[in-house]
Each structure stands twice: as structure tokens, then as C-alpha cells.
Amino acid sequence: MALDRKIAYIDLSTGKTEIKPIPLEVRKKFIGGRGLDAYLLYNNAPEGCDPLSPENPLIVSGGFLTATCASATARTHFMAKSPLTGLLGSANMGGFFAPELAWAGFHHLVITGKAEKPVYLWIHNGQIEIRDAAKLWGKTTTDTQWAIRDELGDQEVKSAVIGQAGENLVRYANVMTGIKNAGGRTGMGCVMGSKNLKAIATRGTMDIKIAHPLEALEFNKKFIEQITTAKVNKTQGTLGTPFIWGATNSWGGVRTRNFQFNQMENADEIEPEAIDDIATKTIGPHHMTGCFGCQVHCRAQYKIPSGPYAGKYDEGPEYTSLGAFGGEPDCKSTETVLTGNHLVNQYGVDNLEIGSIISWAMELYELGIITNKETDGLELRFGNDEALLEMVHRICTRKGWLGDVLAEGGIPAAQKIGKNSFDYLIQVKGMSNLHSDERGTPALALNVATASRGSDHLRSRPAIDLYHLPESVLRKVYGSPVPYDGPLSSDHMEYIGKAWEVFWQENCYMAVDCLGICKYHTVFLGATLPNFEDWPKAIYYNTGLEFTPKEIWDVAERCNNIERLFNLREGLTRNDPVKGDTLNHRYFDEPCRRGAPDIIGAKIDRDKFKIMIDEFYKHHGWDNDGVPTAETLKRLGLDKELTQLL
Amino acid sequence: MEKFLTVNSDKCTGCRLCELVCSVMHEGVSNPAKSRIQVVKWEDEGRYIPMICQQCEDAPCQSVCPVGAISRDKEFGFLKVDYDVCIGCRLCVSICPFGAMNYNKTTRKVIKCDLCGGDPQCVRFCEANAIEFVTADVVSSLKKREGATRQSAASKQSLAIWEHV
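No experiment lies behind these values; they were computed from the predicted model shown.

Trainee: Can you help me understand the sheet that holds strand β15 (residues 299–303) of chain A in this one?
Mentor: What holds strands together in a sheet is hydrogen bonding between their backbones, with the strands either parallel or antiparallel. Residue and element names in this part refer to chain A. Sheet architecture is open: three strands sit in the order β14-β15-β16, paired in antiparallel fashion. Two strands bound the open sheet, and with one partner strand each, they are β14 (288–289) and β16 (313–315). Of the pairings in the sheet, the one linking β15 to β16 comprises three bridges and is antiparallel in character. Opposite Tyr302, over in β16, you have Asp314 as the bridge partner.

Trainee: Can you help me understand helix α7 (residues 213–228) of chain A in this one?
Mentor: Structurally, the α-helix is built with 3.6 residues per turn, so residues lying three or four positions apart point the same way. The end-to-end C-alpha separation of α7 of chain A is 22 Å, in line with the 22 Å expected for 16 residues at 1.5 Å each. Listing the buried residues of α7 of chain A in full gives Pro213, Ala216, Asn220, Phe223, Ile224 and Ile227 of chain A. Along the long axis of α7 of chain A, the arc covered by the buried residues comes to 100°, so they all point the same way. Residues of α7 of chain A that are exposed and point more than 90 degrees away from the buried face comprise Lys222 and Glu225 of chain A. On its buried side, α7 of chain A packs onto α8 (231–239) and α21 (535–543) of chain A together with α1 (17–27) of chain B.

Trainee: What should I look at first to understand the interface of chain B and chain A in this one?
Mentor: As a measure of interface size, the accessible area lost when the parts come together is often cited. Contacts between the two partners involve 21 residues from chain B, matched on the other side by 33 residues from chain A. Among the elements that line the side of chain B that touches chain A, the one with the most residues is α1 of chain B, at five residues. A class-by-class count of the residues in the side of chain B that touches chain A yields eight nonpolar, six polar and seven charged. Looking at chain direction, strand β13 (residues 208–209) of chain A and strand β2 (residues 29–30) of chain B are connected through two bridges and run antiparallel. Among the inter-strand pairings, Lys209 of chain A is bridged to a residue of β2 of chain B, identified as Val29 of chain B.

Trainee: What am I meant to see in the environment of Ile52 of chain B here?
Mentor: All names here are of chain B. Topologically, Ile52 is positioned in the loop between β4 (47–51) and α2 (60–64). Taking C-alpha positions, Ile52 is 12 Å from Val123, a pair spaced 71 residues apart along the chain. Ignoring anything within four residues of it in the chain, the contact list for Ile52 reads Leu5, Val7, Arg36, Ile37, Ala100 and Cys113.

Trainee: Hey, could you run me through the packing of helix α11 (residues 319–327) of chain A against helix α13 (residues 351–367) of chain A in this one?
Mentor: The description of two helices packed together rests on the angle between their axes and the distance between the axes. Residues and elements named next belong to chain A. Running from N to C, α11 and α13 cross one another at 20°; their axes reach a closest spacing of 8 Å. By the criterion of interaxial angle, the relationship of α11 to α13 is roughly parallel. The element α11 and its partner α13 pack so that their crossing is left-handed. Along its contact with α11, which presents Thr320, Ser321, Gly323, Ala324 and Phe325, the element α13 presents Asn351, Leu352, Ile354 and Gly355. Counted by class, the contact of α11 with α13 contains four nonpolar, five polar and no charged residues.

Trainee: Explain the sheet that holds strand β1 (residues 6–11) of chain A here, please?
Mentor: All names here are of chain A. As summarised here, the arrangement of the six strands in space is β2-β1-β6-β3-β4-β5, forming an open sheet in which the pairing is mixed. Only two strands of the sheet have a single partner each, and these edge strands are β2 (16–21) and β5 (88–93). Here the strands of the sheet are splayed against their neighbours by 15° on average, with no regard to which way each runs. Relative to strand β6 (residues 106–112), strand β3 (residues 58–62) runs antiparallel, the two sharing four bridges. Pairing of Val60 across the sheet is with Leu109, part of β6. Running over the sheet, helix α2 (residues 33–44) touches β3, β4 (76–81), β5 and β6 and is turned about 20° from β4.

Trainee: Would you explain the nonpolar core in this entry?
Mentor: One recurring pattern in soluble globular proteins: nonpolar side chains tend to sit buried together. One finds Ile59, Tyr120, Ala361 and Ala511 of chain A together with Val21 of chain B to be the most contacted residues of the largest nonpolar core, which totals 240 residues. Of the residues forming this core, the biggest block, 12 residues, is contributed by helix α20 (residues 498–515) of chain A. Not counting residues within four places of it along the chain, the set of residues in contact with Tyr120 of chain A comprises Arg131, Ala133, Leu136, Ile148, Leu197, Lys198, Ala199, Ile200 and Ala201 of chain A.

What counts, and at which threshold
Residues numbered from 1 in each chain as written. Chains lettered and ligands numbered in written order. Predicted model: local features only at pLDDT ≥ 70, side-chain atom pairs only at ≥ 80, totals over all residues. Pairing = 2+ DSSP bridges. Helix = DSSP H or I, 4+ residues; strand = E, 2+ residues; numbered from the N terminus. Expected span 1.5 Å × (residues − 1). Buried ≥ 20, exposed ≤ 12 C-beta atoms within 10 Å, placed from the backbone. Arc of directions from axis to C-beta. Contact = placed C-beta atoms within 7 Å. Nonpolar A, V, L, I, M, F, W, Y, C, P; charged D, E, K, R; others polar. Axes fitted to C-alpha atoms, helices over the stretch in contact; angles between N-to-C directions. Parallel < 35°, antiparallel > 145°, perpendicular 65-115°, else oblique. Left-handed = near helix turned anticlockwise from the far one by under 90°. Core = buried A, V, L, I, M, F, W, Y, C linked by C-beta atoms within 7 Å.

In C-alpha cells, the structure reads:
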């Protein structure tokens, strides 16, 4: 049963492990995955702890439905206090790791302490072993995984690993599995590096009993039809996420040249079709692959066609690699995008963050805020492909003054560089924004400003807001499982009613993160995809546990509030430009210069945006400072001290 | 004409849903170790090949069985194990050239594909159509066309070269 999956507490300093069951009461309150991780983090991270200290717990989990007979539930979640933001750290990856961990008997791992020398964890069929990783240290993310398989003599072992970026404590290093699946935000790989933990390897052959197997099979068949008939998923399954970048670029919704333009010109070589062409030529017509049990198969396989890494196999590139190595630095070559994507996968570093931060440095260089002295003679200009890739190497190995400074993350780098460099840093809560431009889409701007892990699109983005859907459709989606009769608008330039959309999406994404479901299988890119009404059956048939849609919503709200409480405890205040729910001044002061006619000239209105945030807080039951009221905490059962249920 | 499971590994995305639904269908559990089908992967090259019982005409598992526990199902033509006769020696596991005779560690019995009684769930759930349940003549005519297409393309190319010369 999914219900008999366990939680393991592992202390790397003492080498002690403790395995506990997860009580039913905990499942009813937090379900599992990210939601339960948030509860564990709140209780296990000492207030104000240094993110790189042994006491910062690294929490690893699969979702409640992971490896049950529910498709696309392969997500692995990582949580810790973030070394990048000093606030909530949280990263989520696909692949095959979480199901293997579940077959090995575990849903959650709480890893504390620091090993004296490099180690890796070996978790198999209820057993946990700490093993020497001296031979693995220094290896790339994929070489590490293959070496572990050889050492353990089992090619089916799945590992979550760090590359050199994590070893070198780059503050936005990833945890990786497979070729390119990345737990890639807020520096969870850096936390692993700080613990001398090179990898978590797992292999399991333990049954997960399905409560109602035949019903679960039939329900899953229907679920898959709902997924695969959505047009957006058909496109995802052909072109992958590059199609989103291409489509967004066409109307002027991507960032380029840091934040100077909202559309990339002459982008033909890095349009999704061009990437697809290379995948077809180097792999063949069937070059799409996916995560465990998923029918969307959104990532391409390719070989780098030319350049110093010609012939290397990799997967992707995703939207973020197009942004990081194409749009943002204004580099127009497929080879650069595919090479950059390969480098970040091998080093194990957040492509989004590294692309943003290098583009920021490029703008500073062109403005003369940094010079050849800081770059050690590197011409760090926009459009300089070689300089861009050289900076990736330098950051991941902390080479040179600038490489070392940028590896610390945007806020510390801005403090070291000084002058007015901070004004150009496109970040929220210390984490860089996605390579999208939200000046023409206030709903998306609100999402970015308020996301719990710092600037992020996968926390609460109402992406369907861009589709101009009829209001009746919006009402159907956003009107349940809790009734909403306030305003809703089909106009993406509008401010009214958007706070509710963002609030609803925040709960929706928390729910899928608790269940382990991928965001392409819920209301993210398509309005017809499964949400609260569809999950109770999947949960019941697979686990036997009964939830109503409203109960799932309540769990999501409860978990989102715990994340908020954690952030408030660690220093979030509403208007703090570094740790607040704020946006860079350029969102309000610099109008969009390119794109569709209605986007040109668009910028965010300060006053309307403030009202939007007020509304957003009100929907949560938070006061004007964004602090949950006593009444809200009582309603969610969080009024008493968050006692240890585990 | 009897249908059999044919695999087009080029189309396989490597998602392993077939392993999941197989174990749920037959054992009521999620556990690829108890699936009749398993996807073998070379992740560093992105190659995936689902391995499954081919229901061989001259079946090594049947020939090697010392107690005659393996016979052919009259209705669907698959090879089945009679567990009342099987002594659990696992000779069939060792001899199968496809590794398609599996062993259930919990029940301590050999397990193999039974075509789900005529509606193989691996086929039903494979959206990529990497596994199909068809008769041999359909497969051979498909292969003929594929081969002929390659030949035709080659001859067109050589013709073009001649014209150029």
C-alpha cells in the first residue's frame, strides 16, 4: 500500500538512521510530497539556521500517488532552507527516481548532519546504507550515476546526484537524475554538497498494493485520455517545452538582453522547429522521451550537431535552456543552446538561474558597471556565444573573480559588485525570474512576486489566463471546489479578478505536488486537464483513502500556509526588495518595446498591483502584511504550535 | 491466424507504463519486478527495448521443462504454466533467450505473459504504439513495405546519380 510507505531520518554526522511509519492523521492533513515536506522542514530546521550548516535538513520525497496505478506521478521533491534565498528551498524533478524510492519502501527522507568525507546513500528494500563516495567526487552527474550502477552491480539502480556545481557549493546547484531531470531551483544540490552527500541511490522490488486494482486501471485509462486529447499536450509531445518559448516569443512575452526587450529578433535558429529538426536528424523520427508512466513524453533526445561537444548525447532543451542560452544573452545559435543545455546538465546547475545571472552580468558589462578587470579580460557582451559558455564553466568551477562571485547568487553578487548593479537584477526573494516577461500580464506578474520559493512560474502561474477563454470557462475552472462569485476577466491585461486565479492555481499546484503529479497533467497549460474534482477517485482506487475535492483544497491551503509561515519566520516582509513579495522597479518603470500591438508600451501599474496583492492576501485570510491571521490559522488547524506528528 | 505481441522499439519512449499496468493487472500490485514485460534501457544513448515473451513455436521453455508443465493455450495460442505440475526448478527462466520467463519472489513461482486473456494491457496503455497485438502476416507485410521503401529510395538515388552523370 502507498499508506505503508515510510519516512527515514538519516543523520550523516553520526551515521544513525531511524525509520518510522507515516500515521493516517498525517496523510489526511498533508497527504505527502511537497506538502508533508513543508511540515517536516518547519519542524526540523532550526529558526535562522545557516542553509549550509549540518542542521539544515534536506528533505526528499515522492508523491502520495507515486508508483501507484496513476499515470505521470513520478515527481521527486526536495526541500531545505535555501542557500540561494535564505528562505524556503524547494525543487521538483521528474524521471524514475521517486517511483524506485517508493518500491524501496520510502516516501520521505529527512537528511541532517554532515558526513566527514564524501558519501552516498544506498536505499534498497527497506534498508539504508551510507557508502563511501571518494571515487565519485568530481564526476559529472551522468558519470556518477553509471559508476554507482557498476559499483552496486545493478543497472536498474536510480540515483539523485550532484555534479561539480553542487560539490563547489554553487548556490543554485541542482540535484539531478537520468540525463537531464533536474531538481533545479533554490540550490538543493548545494545543500547536498554542503553535507558531503554526492548521491542518493535507490532500488526497490517491494509491492505497492493497489486498493482496487481493476478500478484503478480503468480510471487511469480515462485519465490518460483526458491528458492525451488536450491539444497542448500533443504539441508538448512533439516539440516539448521549446514550443512554449517559441509561442511566447512570437507575441512578446520572453525576456531578452536581461530585461531590455520582451522579444528576441531573428530567432529562427532556436525556434522549436529548428531544435526538432536537429533531434530528428541526429536521433530519428521517434526522438521524444518521458518520465515514468507518462504519455506526454515532452523531452527530446538529441546529439550536439557541431562545435567542441559535437556528437554528445543529451535530452531537452527545455524552455529555460532556450531562454538561458538563446533569448536572454541574445545568442542566436542552435549549437550554443544545445551545448549550454549539455553543460548545465553535466555540471548539475540551474539553467534558469545561470542564464539569468550571466545576462545580468552582460548588461552590467555593457553599462560599464563591471569591466575587463572583473571578467579577467572576457568580452562579456550580449550575443557573445563563447563568453556565455565560458561563464558557465567559470561559475560551476568558481574560476576567476566573476565566476566565484556569480556562483554566490544574485543578491550577494550585487553587494560585491556594488554601484547600482542591484537595480538591474531581475529577481524575487533572491532568485532569478524565468526568462519570461510579465509586464503585459499582471496575473503572471502577481504569481512571480508572491511565489513561495522566490520568483517562480510553477508555484501559482495562471497560464491559461493568456488564452482569452470565455468567462464561463474561467468560472467553471476557478469556481470549484470552493465557490467564487467575484470578478473574473478573460483579458490578460486586466488586474481585476486575477488575484483569485493566482490563489486557485497556488492551491492546485500544491495539491499536485503533494500527490506527485506533473503539472502538465493539471490546469497549467490546458483548461480541460484534471484538477480537484478528478483526484479523489485516483486516490481512492489506488490507496483506499477517501478525500473530497474540498478536503484536497484544504490540505493544499494548509501546506501553502506552512510555507508562508516558514518564510515569515526566516525574514520575509511584504515590501522588502530582497526578501519580499516585490518586483524589480523595471516592471513598473520601463514599458515593453516589442511584441504584439497590445503588448508594446505595457508595464505594470504600481497602484493596481498593490491592490492586487492586497486582494491576494485577503483570499488567503492574511493581513495587509501578508501574515496569516489567527482566524485563518485556526480554520486550517495550524493555530496551536505545529506539534510533531512524526 | 494467431495474434502475437510485436515490439517496435524505435517508438518506445521508455516510460515503463507497460510494466506498471502488467503488474497491477496480474498481481494487483505496482511492482515492475513482477511484470511480465520489462523495458531494457541504455540511458546514455536514449535507447529502450521492451522485452516480452514471443510465444515461440518451438519454445525452449516448453522443451526444457522436465515435468511438462508448459503447454499452449488452445484459444489464444500463448504458452501457459500449469502450476499444479510446475516444480519451480526455474530451468525455463535460465533458457529463455528473451529473459521473458520471470520469477515472482513472493509466491516463488515462475511468471510469464498470458496475453491478458486476449486484451493485453501493455498494448492497450501504450500511447506510442510501441507494442502491438497483431497476426504475423500483418507484421511481415509491414516489414515488406518498410524494406521496399528503403530499396525504392536507394534506387531513386542511384537513378538521380546516373542522370547527373
